[in-house]
Amino acid sequence: MASPSYTCIHDGATEKDRLLSPVANYGGPRPTALEGSEAPHKQEEEEEALRRKLKYFFMSPCDKYHAKGRKPFKLGLQLLKIIIVTVQLVLFGLSNQMVVTFKEENTATFKHLFLKGYQDGAPQAVHTQEELYSRIHFAVEQYMALPQISLGRYAYVLGIGVKGSALSLCQRYYRRGTIDPVNDTFDIDPHVDTECIGLNPLTDNFAPGNSDYRNFTLKIYKLINVTIDFQLKAINIQTIINNEIPDCYTFAITIVMDNKAHSGKVKISLQNQASIKECKDPNVSGHAESYAREFLDVLVAFVCLLSLLLCGRSILRGIVLQHEYVQFFKCSLGRSVSWGERMDFINGWYILLIVSDMFTIIGSFIKIGIESKNLSSYDMCGILLGTSTLLVWVGVIRYLSFFQKYNVGERNTHMKLIFSSTLFVSLKGKHISLIHSLCVSQILIVTLRAAFPNVIRFCCCAAAIYMGYCFCGWIVLGPYHTKFRSLSTVSECLFSLINGDDMFVTFHEMERSGTLVWIFSQVYLYTFISLFIYMVLSLFIALITGAYDTIMAQTQEQVQVSDLHTFIAECTDTPSSGKFRGPEGSSCSFLCCCEW
């Protein structure tokens, strides 16, 4: 529908301005009294039409349905998106949990196999030369005898070490180093040299011959570190439980014996980097290839794309209507519109939904690549899907605002909740009709009675954000933190954080397995603690104290209404009056099948 144009003609306009202005019949016969009354009447109709358009724009989907009979397609689409996005996240979380568990269990197995005297949780270190040599020999010998001693099925990766070998034993040391504590003198060349030898499994008859690793002499007094590098292959067959084709893993293992401090203590650690790829010629008896997960991912991406287009279209319509409203006030009333009122046309919930849709679409395509074994970016996919689900659950608050009990239209003191756009909590006058003289016990009872309904509604709103953080923390941090391994433990951990318990332990126990996940964990924990301790709990207390203050004061504050809402309030047409069902000039496309 084309927007009406408002012609600005001021009282002090010159004759030239009047000549150039589009006034009908200028220079013709003088209009009659009836013709002169048509212009004000037409202006009143345009003003009433604009007022009705504004009122319709700020209606809820249910009111819009009563106004024009159009089904709330976008609302149904958002509710459907909440369900399928959550289902997609849970399925990915179960699959990701199995992947991470397989990596962690293999890392623990390698530590027990290749680190002499390893104990879970105990730091590994040696303090004598004999112990250092024995740890090197133990790791190499365990590697050579791996097929005979290991409970798991592992395969050697050949040709990746020094001179085409399977295992590389290297020492790094200063080019020249002389330290004489007796005379307090030293002579060090800081350039680092590396010396390596290559070893091959005894079962391999075609690789180059083994070197005598027992004759490998360490330059102890200028030694920086000793490293043992090799790779092993394994297959994760437990994914068959989830009706998935097993993945093939390659573990790049590095044993580091760190002597850079030269303190007489050599620290020993094992690092394991896993890469995933598609297995060659997979064959699972009685297993038919299923594309159900790929279909769900495509469905989620399609629904989110449709949601993104509809929300973007709604924002665009709001901007167009804002321009029309500003022009009307400027030309017809000679007044300017503040930026605060202009921002009322930009719905922040639509922006949140657009960001969530973008994250979900990107994450869904990464998930499809993971399931087709073309990608292995589990962490990135988990962060995108987890964040999008968090935003989707936060968006539930908007849907609660469609109910009268949660909405703005109450008559008493209003207390603004978490987001500044639409959601308010109010204290109802019918709950606080009191006499002037109340004893302390009566004040307590009446305060609890007045605050309890609002507290329950507030908890419903806060629970939506809380569930979003639970899902996000479980999917992203679960593989790297013991307190986030399941939804129940995540909920217990977050509830403890709200009460200020175990904050340092929660931060400290986060594994530094990857920079990206660690940075996300810091942002996640800081935002949750700041939001719930400093805002949610404060607002929770404010509900009760607000009820108490209202009861004691027994007064109401007049709510300041903006010019925009005052202008809209002059339209007394109800959604079911039928006056919103007028003819429209624009054609209806697929994307405009529903107004919101």
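Residues numbered from 1 in each chain as written. Predicted model: local features only at pLDDT ≥ 70, side-chain atom pairs only at ≥ 80, totals over all residues. Heavy atoms only, no water.

S.K.: Explain the overall build of the protein to me, and be specific about the residues and the numbers.
M.R.: If you tally the helices and strands in the protein, you get 17 helices and nine strands. A fraction of 72% describes how many contacts in the protein between residues 6 or more apart in sequence connect residues 24 or more apart. A total accessible area of about 32,600 Å² is found for the protein, and carbon and sulfur atoms account for 59% of it. (Helix = DSSP H or I, 4+ residues; strand = E, 2+ residues; numbered from the N terminus. Contact = heavy atoms within 4.5 Å. Areas by Shrake-Rupley, 256 points an atom, 1.4 Å probe, with all protein chains shown as cover.)

S.K.: An account of the packing of helix α5 (residues 73-114) against helix α11 (residues 378-394) is needed here, citing residue identities and associated values.
M.R.: Two quantities define a packed helix pair, namely the angle between the helix axes and the distance between the axes. Between α5 and α11, the shortest axis-to-axis distance is 10 Å and the interhelical angle comes to 150°. Classified by the angle their axes make, α5 and α11 are roughly antiparallel. Considering the relative orientation of α5 and α11, their crossing is left-handed. The residues of α11 that touch α5, namely those facing K81, I82, V85, T86, Q88, L89, F92, N96 and V99, are Y378, C381, G382, L385, G386, T389, V392 and W393. (Axes fitted to C-alpha atoms, helices over the stretch in contact; angles between N-to-C directions. Parallel < 35°, antiparallel > 145°, perpendicular 65-115°, else oblique. Left-handed = near helix turned anticlockwise from the far one by under 90°.)

S.K.: Please provide a residue-by-residue account of the packing of helix α8 (residues 292-331) against helix α10 (residues 348-371), values included.
M.R.: Between α8 and α10, whose axes approach to 8 Å, the crossing angle comes to 160°. Classified by the angle their axes make, α8 and α10 are roughly antiparallel. In this structure, the crossing between α8 and α10 has a hand that is left-handed. Among the residues making up the contact of α8 with α10, the classes are represented as 16 nonpolar, five polar and six charged. (Nonpolar A, V, L, I, M, F, W, Y, C, P; charged D, E, K, R; others polar.)

S.K.: Give me the pattern of salt bridges: which residues, what numbers.
M.R.: Counting across every chain of the model gives nine salt bridges. Residues R485 and E104 are paired through a salt bridge, measuring 3.4 Å at the closest nitrogen-oxygen approach. With R485 in the loop between α13 (440-477) and α14 (487-498) and E104 in helix α5, this residue pair connects regions lying 381 residues apart in the sequence. A relative accessible area of 28% means that E104 is categorised as partly exposed. The residue K219 makes a salt bridge to E195 at a minimum N-O spacing of 3.1 Å. Highlighted residues: K219 in the loop between β4 (185-199) and β5 (223-236) and E195 in strand β4, separated in sequence by 24 residues. Shared partners join several salt bridges into a network, and the residues in it are D297, K367 and E371. (Salt bridge = Lys/Arg side-chain N within 4 Å of Asp/Glu carboxyl O. Buried < 20%, exposed > 50% of the residue type's maximum accessible area, 1.4 Å probe, protein only.)

S.K.: Would you mind going over unusual backbone geometry in detail, with residue names and values included?
M.R.: Positive phi, normally seen in glycine, also occurs at K163, with a value near 55°. Within the fold, K163 resides in the loop between β2 (155-156) and β3 (167-180).

S.K.: How would you sum up the nonpolar core? Please name residues and give values.
M.R.: Counting 103 residues, the largest nonpolar core has F114, I228, I255 and L494 as its most contacted members. Here this core takes 17 residues from α13, the largest share from any one element. Beyond its immediate chain neighbours, meaning those up to four positions away, F114 contacts F138, A139, Q142, Y143, L146, F230, L232, I255 and L270. (Core = buried A, V, L, I, M, F, W, Y, C linked by side-chain atoms within 4.5 Å.)

S.K.: Can you explain the state of the cysteines? Please cite residues and give values.
M.R.: Scanning all chains against the criterion turns up one disulfide. Across the disulfide, C170 is cross-linked to C196 (sulfur-sulfur distance 2.0 Å). In this structure the cystine formed by C170 and C196 twists about its S-S bond by roughly 115°; its chirality is therefore right-handed. Of this pair, C170 sits in strand β3 while C196 is found in strand β4, placing the two residues 26 residues apart along the sequence. For C196, a relative accessible area of 29% translates into the label partly exposed. C470 carries a free sulfur, and the closest cysteine sulfur to it, the one in C493, is 9.5 Å from it. Judged by relative accessible area, which is 3%, C470 ranks as buried. (Disulfide = S-S within 2.5 Å.)

S.K.: Got a sec to walk through the pairing of strand β7 (residues 266-277)? Specific residues and values, please.
M.R.: Across three bridges, the pairing between strand β1 (residues 124-126) and β7 is antiparallel. Counterpart to Q124 in the pairing with β7 is I268. Two elements, strand β6 (residues 247-258) and β7, share 11 bridges in a ladder whose sense is antiparallel. Bridge pairing links I255 to L270 in β7. (Pairing = 2+ DSSP bridges.)

S.K.: Account for the environment of L385, naming residues and giving values.
M.R.: Inspection of the secondary structure assignment puts L385 in helix α11. Overall, the relative accessible area of 1% leaves L385 in the buried class. Not counting the four nearest positions on each side in its chain, L385 is found in contact with Q88, L89, F92, T360, G363, S364 and K367.

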